[in-house]
Amino acid sequence: MVCEDRRAGRPRHRRRPRGLGAAIAAAFGREGARVVVNYRRSAEGAAAVAAPFGERALAMQADVTDPGAVAAMLSTAEIRFGTPVTTIVHNALSDFHFNGDERARISDIPWPDFAAQMAVSVRGALNLIQAASPAMAQRGFGRIVTIGTNLFQNPVVPYHDYTAAKAALLSLTRTAAADLGPQGITVNMLSGGLLRTTDASAATPVAVFDLIAQSTPLRRVTTPEEFADAALFFASPWSRAVTGQNLVVDGGLVRD
């Protein structure tokens, strides 16, 4: 099962959901997994993501910054599917637009911007890990995947609050991997760059996409579907000896 939260601040009402969370949920559903599509506000979009998979998918509202809501969501999923959640993809994102021209610079960005990102990226991940890991440990198996950014290595845009929160999430990913490894639980991060195209990156000028494409060995910008395939790897038996790692999925733009 996959638990993911789509919180990007773009239009909520649309016929075809576009975003990394939707692509990840669809990838797991395609492979036969039972999928929990977690949302905070976008009920219509989450229902559209879950719909193609019928009884194998469940759209559920929960704010990942609220530990009680997270615990209730996992409990409901266990009752619905008759088994605990054993795979979590933490894709929660506070309201954010990937448009560097509109972002505050370091000289005037306020601390509340950082706090909002930390609450979702780090506190949300902690809540999910604390709620899900006991059942995973009891089964001796668990897969936790967090979502980072290649801006760690390539800070070309002033997303100070976003990048700082994701860097903290990487540290939590690695310390959690060390703590939970003896219980059969792996914790890894997938980091991407700008994806073509999601609701969050829709404000990005075409020229920026083209520039990124020409800077990659593959000469194209990674799609949400391509990124989602890497999430499948971390949930699969082929990654059973991999934990505490940060895999960059950006077409080779950043070679980590």
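Residues numbered from 1 in each chain as written. Predicted model: local features only at pLDDT ≥ 70, side-chain atom pairs only at ≥ 80, totals over all residues. Heavy atoms only, no water.

S.K.: An account of the nonpolar core is requested, with residue identities and associated values reported.
M.R.: In terms of nonpolar packing, the biggest core is built from 29 residues, with Ile24, Phe28, Val35, Val37, Ile147, Leu190 and Phe227 touching the most fellow members. Listing elements by their share of this core, those giving two or more residues are helix 1 (20-30), strand 2 (35-39), helix 2 (43-50), strand 5 (142-149) and helix 7 (224-235). One finds Ala77, Phe81, Val85 and Val187 within the second-largest nonpolar core, a separate group that totals 24 residues. (Core = buried A, V, L, I, M, F, W, Y, C linked by side-chain atoms within 4.5 Å. Buried < 20%, exposed > 50% of the residue type's maximum accessible area, 1.4 Å probe, protein only. Helix = DSSP H or I, 4+ residues; strand = E, 2+ residues; numbered from the N terminus.)

S.K.: Give a detailed account of the pairing of strand 3 (residues 57-61), specifying residues and quantitative values.
M.R.: Where strand 2 lies against strand 3, five bridges are found, and the strand directions are parallel. Across the sheet, residue Tyr39 finds its bridge partner in strand 3, namely Gln61. (Pairing = 2+ DSSP bridges.)

S.K.: Talk me through the packing of helix 4 (residues 111-139) against helix 5 (residues 160-180); I want residue IDs and the actual numbers.
M.R.: The interhelical angle for the contact between helix 4 and helix 5, taken along N-to-C directions, is 20°, at an axis separation of 7 Å. Classified by the angle between their axes, helix 4 and helix 5 sit roughly parallel to one another. Between helix 4 and helix 5 lies a crossing of right-handed hand. For the pair formed by helix 4 and helix 5, the contact residues are Asp113, Phe114, Gln117, Met118, Ser121, Val122, Ala125, Leu126, Ile129 and Ser133 on the first element and His160, Asp161, Tyr162, Ala164, Ala165, Lys166, Ala168, Leu169, Leu172, Ala176 and Leu180 on the second. Partitioning the contact of helix 4 with helix 5 into residue classes produces 14 nonpolar, four polar and three charged. (Axes fitted to C-alpha atoms, helices over the stretch in contact; angles between N-to-C directions. Parallel < 35°, antiparallel > 145°, perpendicular 65-115°, else oblique. Left-handed = near helix turned anticlockwise from the far one by under 90°. Contact = heavy atoms within 4.5 Å. Nonpolar A, V, L, I, M, F, W, Y, C, P; charged D, E, K, R; others polar.)

S.K.: Can you tell me about the packing of aromatic side chains, naming the residues and giving the values?
M.R.: The final tally for this structure, using the stated rule, is three aromatic pairs. Both rings, one in Tyr159 and one in Tyr162, keep their centres 6.4 Å apart while their planes meet at 90°; by these two values the pair is edge-to-face. This pair shows no difference in class: Tyr159 is buried, exactly as Tyr162 is. With 5.4 Å between their ring centres and 45° between their planes, Phe233 and Phe234 make a pair best called tilted. Here Phe233 falls in the partly exposed class, since its relative accessible area comes to 32%. When its relative accessible area of 2% is taken as the criterion, Phe234 is described as buried. (Phe/Tyr/Trp six-rings, centres within 6.5 Å; stacked < 30°, edge-to-face > 60°.)

S.K.: How would you explain the environment of Gly251 if you had to name every residue and give the values?
M.R.: Here Gly251 lies in the segment after strand 7 (246-248). Accessibility expressed as a relative area gives 18% for Gly251, which makes it buried. Note: C-alpha distance between Gly251 and Thr222 (29 residues apart in sequence) is 6.0 Å.

S.K.: Outline the environment of Gly252, supporting the account with residue identities and numerical values.
M.R.: Looking at the secondary structure, you find Gly252 in the segment after strand 7. Gly252 sits in the partly exposed class, given a relative accessible area of 21%. In sequence terms Gly252 and Arg220 are 32 residues apart; their C-alpha atoms lie 9.9 Å from each other.

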